[in-house]
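Okay, here's what each chain looks like letter by letter:
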Amino acid sequence: MIHQETRETVCRLHAELVRYNLVAWTAGNVSERVPGEDLFVIKPSGVSYDELTPEAMVVCDLQGELVEGDYAPSSDTAAHAYVYRHMPEVNGVVHTHSTYASAWAARGEAIPCVLTAMADEFGGEIPVGPFALIGGDDIGKGIVETLTGHRSPALLMQNHGVFTIGGSAKAAVKAAVMCEDVARTVHVARQLGTPIPIEQHHIDHLYDRYQNVYGQRSHL
Ligand SMILES: O=C(CO)[C@@H](O)[C@H](O)COP(=O)(O)O
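Not measured: the values here are computed from a predicted model.

S.K.: So what's going on with the overall build of the chain? Which residues, and what values?
M.R.: Within the chain, the regular secondary structure consists of seven helices and eight strands. By the compact-globule yardstick of 17 Å for 220 residues, the chain fits well, its C-alpha radius of gyration being 17 Å. Counting only C-alpha atoms, the chain reaches 50 × 45 × 30 Å along its principal axes. Scored against the burial criterion, the 220 residues of the chain give a buried share of 50%. Considering only contacts in the chain between residues 6 or more positions apart, those separated by 24 or more positions represent 63%. One way to put it: in the chain the 15 positive side-chain charges average out to a point 6 Å from where the 27 negative ones average out.

Written out as structure tokens, the structure reads:
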């Protein structure tokens, strides 16, 4: 099938949403831009995660129209397409209903930057986007307006759940995993007392280290 490599990547990353317990039933979705094309691959709508295969993935253009595939595209296809049209640096988009992060979304409250892990991955708070109905451009507009110029690759769409972006679908999945992890920890901290905000200059230092030094850097 066309765009087999991207199909395989997107299919494999959907299994990561299940592995990290970020979705229930058929909720959530992952997409990735097809390299060099005005196209992206996304999950078919309402198909059980254990039935997802590279062949079941669907290919859409940047208007969200189905280009190739046997299934109807995800109900969030318009949102993903809007992000790809307006954020050319983004090559991966993920949506989950992960429990703790969605509980913050239900309250319309940003997750404050009170953990070094938040400074590392999000460069500050995880912001909240507006309430938006599903299917049109409203969710995509909310994502773009909230995350443009913001360090965080994740946001909480009010009353809905998590959307993340990344330079790849893998990066966006990582952001979704880390978003749920810190949402849970900060929630627990709130139950025990008042979390202590990290000073901005420390956030900046931590973010720079994590983004530019942490891990294995290719020197070849
Ligand atoms: O959030 C919603 C519906 O509220 C959707 O994003 C579902 O979470 C997944 O829909 P499909 O990708 O299966 O169409």
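S.K.: Give me the lowdown on the UniProt feature "domain: Class II aldolase/adducin N-terminal" (unreviewed entry) in the chain, citing residues and values where you can.
M.R.: Residues given the UniProt feature "domain: Class II aldolase/adducin N-terminal" (unreviewed entry) here are residues 8–187. Strand forms 18% of residues 8–187 and helix 37%; the C-alpha atoms that close the span are 35 Å apart.

S.K.: Any chance you could break down the sheet that holds strand 6 (residues 128–129) for me, citing the residues and the numbers?
M.R.: Across the sheet, eight strands lie side by side as 4-3-2-1-5-8-7-6; this open sheet has mixed pairing. For this open sheet the edge positions go to strand 4 (66–68) and strand 6, each flanked by a neighbour on one side alone. Relative to strand 4, strand 3 (residues 58–61) is paired through two bridges, and the arrangement is antiparallel. Opposite Val 59, over in strand 4, you have Glu 68 as the bridge partner.

S.K.: I'd like a rundown of the pattern of salt bridges, residues and numbers included.
M.R.: With the rule as written, the count across this model stands at nine salt bridges. Between Arg 107 and Glu 109 there is a salt bridge, with the nearest N and O atoms lying 2.4 Å from each other. In this structure Glu 109 comes out as partly exposed when scored by relative accessible area, which is 24%. It is possible to trace a salt-bridge network through shared partners that takes in Arg 107, Glu 109 and Arg 190.

So, how was this worked out
Residues numbered from 1 in each chain as written. Predicted model: local features only at pLDDT ≥ 70, side-chain atom pairs only at ≥ 80, totals over all residues. Heavy atoms only, no water. Helix = DSSP H or I, 4+ residues; strand = E, 2+ residues; numbered from the N terminus. Rg over C-alpha atoms; globule rule 2.2 N^0.38 Å. Buried < 20%, exposed > 50% of the residue type's maximum accessible area, 1.4 Å probe, protein only. Contact = heavy atoms within 4.5 Å. Lys, Arg positive; Asp, Glu negative; His and termini not counted. Charge placed at Lys NZ, Arg CZ, Asp CG, Glu CD. UniProt positions renumbered as here; feature names shortened; annotations may be inferred. Pairing = 2+ DSSP bridges. Salt bridge = Lys/Arg side-chain N within 4 Å of Asp/Glu carboxyl O.

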